[in-house]
Every structure is written in C-alpha cells, then in structure tokens.
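Reading the structure
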Amino acid sequence: CGGGLHHPYFREAMARLFGYVDVTDSGFIVAVLSIAFNPLFWNVVARWEHKTRALSRVFGSPRAACYCLGAVILMLNCVRSHCFTEAMKSQPKLEGLDCHWAYYLGWAVLAVGTLFVISSFLALGFTGTFLGDYFGILMEAKVTSFPFSILDNPMYWGSTAVYLGWSLMHASPAGLLLTAVVAISYTIAMLYEGPFTEEIYRQKQKGVKNK
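Each value, and the rule that gives it
Along each chain, numbering runs from 1 in the same order as the chain's sequence is written. Local features in this predicted model are restricted to residues whose pLDDT is 70 or higher, and side-chain atom pairs enter the listing and the counts only when it is 80 or higher, whereas totals over whole chains, interfaces and linings include all residues. For side-chain calculations, the full set of non-hydrogen atoms in the structure is used, while hydrogens and water are omitted. Every helix listed is a DSSP run of H or I at least four residues long, and every strand listed is a run of E at least two residues long, numbered separately from the N terminus. What makes two residues a contact is simply this: any of their non-hydrogen atoms within 4.5 Å. For accessible areas, the Shrake-Rupley method is used with a probe of radius 1.4 Å. Any residue's cover is judged against the shown protein chains and nothing else. For the purpose of charge, His is not counted, nor are the chain termini; Lys and Arg are scored as positive and Asp and Glu as negative. Lys charges are placed at NZ, Arg charges at CZ, Asp charges at CG and Glu charges at CD. UniProt positions are given in the numbering used here, feature names are shortened, and annotations may be inferred rather than shown by experiment. Within this scheme a cavity is a closed region of a 1 Å grid, computed over the protein atoms alone, that accommodates a 1.4 Å probe without allowing it to escape, whereas a pocket is open but has protein on both sides within 12 Å along at least five of seven lines; lining residues each have an atom within 4 Å of a point. Whenever two N or O atoms come within 3.5 Å, that pair is a polar contact, provided that in protein one can donate a hydrogen and the other can accept it, and provided that, for residues adjacent in sequence, both atoms are side-chain atoms. Categorising residues by exposure relies on relative accessible area from a 1.4 Å probe, with only protein chains included: less than 20% of the type maximum marks a residue as buried, more than 50% marks it as exposed, and the intermediate range marks it as partly exposed. Grid points are joined across faces, edges and corners, and a volume is the space filled by probe spheres set on the points. Note on residue classes: Ala, Val, Leu, Ile, Met, Phe, Trp, Tyr, Cys and Pro are nonpolar, Asp, Glu, Lys and Arg are charged, and everything else, Gly too, is polar. Ring pairs are drawn from Phe, Tyr and Trp, using the six-membered ring of Trp, whenever the two centres fall within 6.5 Å, and their geometry is named by plane angle: stacked under 30 degrees, edge-to-face over 60, tilted for the rest. Charges are assigned to positions over rings by a cutoff of 6 Å between ring centre and Lys NZ or Arg CZ, combined with an angular limit of 35 degrees from the ring normal. Definition used in this section: a nonpolar core is a set of buried Ala, Val, Leu, Ile, Met, Phe, Trp, Tyr and Cys residues joined via side-chain atoms within 4.5 Å.

Moving on: the overall build of the protein. For the protein, the helix and strand inventory stands at 7 helices and 0 strands. When the elements of the protein are put in sequence order from the N terminus, they spell out α-α-α-α-α-α-α. Its C-alpha atoms give the protein principal-axis dimensions of roughly 65 × 35 × 30 Å. Of the contacts made within the protein by residues no fewer than 6 positions apart, 83% connect residues no fewer than 24 positions apart. Counting only carbon and sulfur atoms, one obtains 67% of the accessible surface of the protein, whose full area is about 11900 Å². Between the centroid of the 16 positive side chains of the protein and the centroid of its 13 negative side chains there is a distance of 12 Å.

Here we come to the UniProt feature "binding site: S-adenosyl-L-methionine" (unreviewed entry) in the protein. In the numbering used here, UniProt assigns the feature "binding site: S-adenosyl-L-methionine" (unreviewed entry) to Ala 111, Val 112, Gly 113, Glu 193 and Gly 194. Their sequence span is 84 residues, while the largest C-alpha to C-alpha distance among them is 26.5 Å; these annotated residues do not converge on one region. From the list above, the largest pocket is lined by Glu 193 and Gly 194. At 2.9 Å, the side chain of Glu 193 and the side chain of Asn 43 are in polar contact. Inspection of the secondary structure assignment puts Gly 194 in helix α7 (residues 173-210). Judged by its relative accessible area of 28%, Gly 194 falls in the partly exposed class.

Next up on the list: the side chain of Thr 160. On the secondary structure map, Thr 160 appears in helix α6 (residues 154-169). Setting aside chain neighbours within four positions, we find Thr 160 in contact with Thr 179, Val 182, Ala 183 and Tyr 186.

Following the UniProt record, one finds the feature "transmembrane region" (unreviewed entry) at residues 26-44, 102-124 and 171-192. For residues 26-44, the helix share is 100%, the strand share is 0%, and the end-to-end C-alpha distance is 26 Å. The distance separating the terminal C-alpha atoms of residues 171-192 is 33 Å; by composition the span is 91% helix and 0% strand.

The next subject is the layout of surface pockets. Space inside the largest pocket adds up to approximately 1600 Å³. If you go around the largest pocket, you meet 49 residues; those closest to its centre are Leu 124, Gly 128, Phe 148, Asn 153 and Met 155. A per-class count over the lining of the largest pocket returns 29 nonpolar, 12 polar and 8 charged.

Taken as a whole, this structure holds 10 aromatic pairs when the rule is applied. Taken together through their ring pairs, the aromatic side chains of Tyr 67, Phe 121, Phe 126 and Phe 130 make up a single cluster. Against the face of Phe 196 rests Arg 47, its NZ or CZ located 4.2 Å from the ring centre.

Grouped together as the largest cluster of nonpolar side chains are 35 residues, with contacts concentrated most on Leu 131, Phe 135 and Leu 178. At the level of secondary structure, the elements contributing two or more residues to this core comprise α2 (26-52), α4 (62-89), α6 and α7. With 10 residues, the single largest contributor to this core is α7. Those residues in contact with Phe 135 that sit more than four places away from it in its chain are Glu 49, Arg 53, Leu 55, Ser 56, Pro 62, Ala 65, Cys 66, Leu 69 and Phe 130. Leu 97, Ala 102, Leu 168 and Leu 176 belong to the second-largest nonpolar core, a separate cluster that totals 6 residues.

So, in structure tokens, the structure goes:
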C-alpha cells in the first residue's frame with residue numbers, strides 16, 4: 001500500500017487538492033498535527049513501556065497499564081476526529097463532489113471502514129488492539145480471521161477509509177488531503193510497528209524453545 005503514495009496519479013491528485021485547500025489555515029494545521037501526533041505518541045509510549053515496564057509498575061499490572069493507554073489513545077482519536085471535522089467545515093466544498101452520488105459513495109466507504117475497524121477490534125480484543133504485546137500481553141497465535149484474512153493492518157486502513165468516506169460525504173477537498181495525511185501517518189507507523197512486534201514474538205518463541 002505504501003508504494004501507492006508515490007504513484008504519479010496520486011501526486012497529481014494531491015497537487016490538485018492543494019489548489020483548493022488553504023494549508024496555512026490554523027484549523028487545518030491543528031488537524032495535521034493531531035493526525036501526526038497520535039501514532040507517534042502511542043509508539044513512543046509503548047516502546048518506552050516495553051523497555052522499562054514503568055507503566056506496569058505505576059498501575060500495578062501490565063493489563064491495567066494497557067487499559068489506561070488504550071483509554072488515552074481513544075481520547076486522542078476523538079480529538080483528532082474533532083479537529084479533522086472542524087478543518088473540513090472551515091474550508092470550501094468541491095462542487096464536483098457536492099452531489100448525491102459522491103455522498104452515497106462516501107457513506108459506503110465509511111461503512112466498509114467502520115466494518116474493518118469494529119471487526120478488527122473484535123478479533124484482537126482490547127489488549128490486542130491497544131499494543132498489549134508491548135506490555136508483555138502476548139497472543140497465543142496470529143489472528144487470521146476476518147478482516148485479517150483479506151487485508152493486512154485492517155484497523156489502520158479501516159480508519160483511513162472512515163475519514164475518506166466522511167470527506168466524500170462533505171465534498172471536502174481539505175478532508176481528502178487530511179485523509180492522505182492519515183494514510184501516510186499510518187504507513188509510517190506500520191513500518192515501525194511491524195518489525196518491532198515481530199521481534200517481540202520471536203523473543204517469545206526463543207524463550208519457549210529454551211525451556
């Protein structure tokens with residue numbers, strides 16, 4: 001998926017969107033910062049916890065600490081969504097998208113994204129969703145059920161689809177540009193999280209073999 005961000009058509013579409021969006025607007029800047037901050041925050045905190053176990057000591061157990069971090073991440077996601085919506089409202093609509101077909105297309109994309117997010121959460125559970133691996137709460141086996149059976153990182157791509165659908169429903173070029181920022185932020189997060197998580201489970205397997 002990351003390769004698509006460098007595709008000529010993607011770059012051309014981004015150039016057109018920049019022509020419709022005031023990227024110096026304070027609301028737009030706040031939305032970009034909130035989008036970029038969230039994955040940075042949870043990756044830094046989770047790696048710090050994995051290295052020091054500081055949160056587990058403060059909250060009395062790894063599970064309690066994971067639930068606390070999960071609650072903070074949910075709150076930050078609400079703030080991000082609010083900033084995203086406010087940034088869309090403060091900028092003009094795109095006439096070509098301000099029609100019924102775009103609205104219903106956006107609704108469908110949002111529905112699919114929501115399905116991916118909810119089904120991912122149900123498949124992983126709370127600790128599986130909110131970085132429980134970094135707290136030492138490891139899953140017995142890799143999840144391969146839906147939606148992981150058809151897509152890698154469905155939580156991230158589902159969330160991106162939700163923002164894309166929301167932007168189409170509002171005929172918002174600012175929203176489409178911010179959705180691209182969401183996709184880029186998640187792509188970078190996956191590049192860091194994937195290898196690190198795999199190493200955690202490699203260490204687990206080593207420990208099992210050494211027993």
